[in-house]
Amino acid sequence: LSFLADNGDSGSSRTRFSLHVWDRLAARPLDTLSSESSGVPSERMISEKAGITFSRDGERLFLGLSKVPAPRVESNNTTTDDKVIADLWHWKDDFIQPMQKVRASQDRNRSYRAVWHISERRIVPLADESMETVLPSGDGRWAIGQDDRTYRRLVGVDTTYSDAYLVNTKDGSRRKLLDKNQFALTWSPLGNYALFYDGRHWNSISIPTGRITSLTSSIGVNFWQEDHDTPNTPPPYGIAGWTKDDKDVLVYDQYDIWQISPDGSRAVNLTGGVGRRDRITFRYV
């Protein structure tokens, strides 16, 4: 079991949370992680707003670290005659001013993913301002990080993009996988592959080599939404999931379901082409 607890100091101006790990057979929590623990950056604290998740084997615990808030400054000036309220912006800002206002609350509550290696009693920060989004695999060995800083100014005139990285949760090291990727990357259940759609085709990324394989480009069927009628990149029809042991991924076209090996060696139309022939949409329920 893992849980957060505050410091119980009602007189403190800001609450500091600690993270506890408890084996169900033990009489008390086995381990505690706090903002003062070794490995936690001095400008970070345990975030109570972030989710806490174990890796599948229970050896790693993913948590969130947030910025330590600046101390509150009390002003003795009671006059308001000289008070000025202004919005400050710059033409090189990542986001335009109205979007900055919309994002203000989200930015204040932002947390950055980290991993606590339980048996080693060691924390490794994974995300930071240069890579705000990190998605761990189910086994917790790897994570996919996304850095959108280069493309933020395109949001108002185009869409969202990011560079994708493979993050080693053992030491936090990063290796670039994709440039200017538009659609999300998802993990296979065992973490052997990452899957992504490039605007026309489905692709797999072998982990940890980073080898990219196009899974649908040679099939001769469209996997992008054929009736998409707006001037942007058509989304995919989606996937039904994975088969046991990451052996195959089940991918939808407009009508049928395809069973495709993530190494690209085999693609089978599970519904036999009946869907496209008779215009019947088959989906997994």
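These notes cover the structure that comes with them. On a predicted model such as this, the values are computed, not experimentally measured, just so you know. Residue numbers restart at each chain and count upward from 1, following the sequence in its written direction. Where local features are concerned, this predicted model is filtered to residues with pLDDT of at least 70; where side-chain atom pairs are given and counted, the filter is 80 or more; whole-chain, interface and lining totals use all residues. Only hydrogens and water are set aside when side-chain values are computed; all heavy atoms of the structure are taken into account.

1. Regarding the sheet that holds strand β19 (residues 257-260)
By definition, two strands form a pair when at least two bridges between them are found by DSSP. Per the convention used, a helix needs a DSSP run of H or I reaching at least four residues, while a strand needs a run of E reaching at least two, with both numbered from the N terminus. Spatially, the four strands line up as an open sheet ordered β17-β18-β19-β20, and their pairing is antiparallel. Edge positions in the sheet fall to β17 (239-242) and β20 (267-269), since each of these pairs with one other strand and no more. Averaged over neighbouring strand pairs, the angle between their axes works out to 20° when direction is ignored. Only the contacting stretch of a helix is used when fitting its axis, a line to C-alpha atoms as for every element, and angles between N-to-C directions run 0 to 180 degrees.

2. Remarks on the sheet that holds strand β15 (residues 202-206)
Here four strands make up an open sheet; going across it, the order is β13-β14-β15-β16 and the pairing antiparallel. The open sheet has two edge strands with one neighbour each: β13 (185-187) and β16 (212-214). Averaged over neighbouring strand pairs, the angle between their axes works out to 25° when direction is ignored. Sheet topology note: the strand β14 (residues 193-197)/β15 ladder contains five bridges and is antiparallel. The residue of β15 that forms the bridge with Tyr-193 is Ser-206.

3. Details of the environment of Phe-54
Structurally, Phe-54 can be placed in strand β5 (residues 53-54). When the C-alpha atoms of Phe-54 and Gly-140 are compared, they prove to be 8.1 Å apart, with 86 residues separating the residues in sequence. Contact between two residues is taken to exist if any of their heavy atoms lie within 4.5 Å; hydrogens are not considered. Apart from the residues lying within four places of it in its own chain, the contact partners of Phe-54 are Leu-1, Ser-2, Arg-60, Leu-61 and Ile-118.

4. Focus on the pairing of strand β9 (residues 133-136)
Of the two faces of β9, only the one carrying Val-134 and Pro-136 is buried; Thr-133 and Leu-135 on the other face are not. With four bridges joining them, β9 and strand β10 (residues 142-147) adopt antiparallel strand pairing. Bridging from a neighbouring strand, Pro-136 pairs with Ala-143 of β10. Taking the residues between adjacent antiparallel strands as the criterion, β9 and β10 are bridged by five residues, where Gly-140 takes a positive phi near 80°. Here the term buried applies to any residue with accessible area under 20% of the maximum for its type, exposed to any over 50%, and partly exposed to those in between, with areas from a 1.4 Å probe on protein chains only.

5. Details of the layout of surface pockets
Computed over the protein atoms alone on a 1 Å grid, cavities are sets of points where a 1.4 Å probe fits but cannot get out and pockets are open sets with protein on both sides within 12 Å along at least five of seven lines; a residue lines them when it has an atom within 4 Å of a point. Grid points are joined across faces, edges and corners, and a volume is the space filled by probe spheres set on the points. As a volume, the largest pocket reaches approximately 480 Å³. Residue lining of the largest pocket: 22 residues in total, with Lys-67, Asp-107, Arg-108, Asn-109 and Arg-110 positioned closest to the centre. When contributions to the lining of the largest pocket are tallied by element, the ones reaching two or more residues are β4 (44-46), β6 (60-67) and α1 (97-108). Ranked by residue count, the leading element in the lining of the largest pocket is α1, at four residues. Across the lining of the largest pocket, the residue classes break down as six nonpolar, five polar and eleven charged. The calculated volume of the second largest pocket comes to roughly 290 Å³. Along the walls of the second largest pocket sit 14 residues, with Thr-133, Asp-148, Thr-160, Tyr-161 and Ser-162 positioned nearest its centre. When grouped by side-chain class, the residues that make up the lining of the second largest pocket number four nonpolar, five polar and five charged. Charged residues are taken to be Asp, Glu, Lys and Arg, nonpolar residues to be Ala, Val, Leu, Ile, Met, Phe, Trp, Tyr, Cys and Pro, and polar residues to be all remaining types, Gly included.

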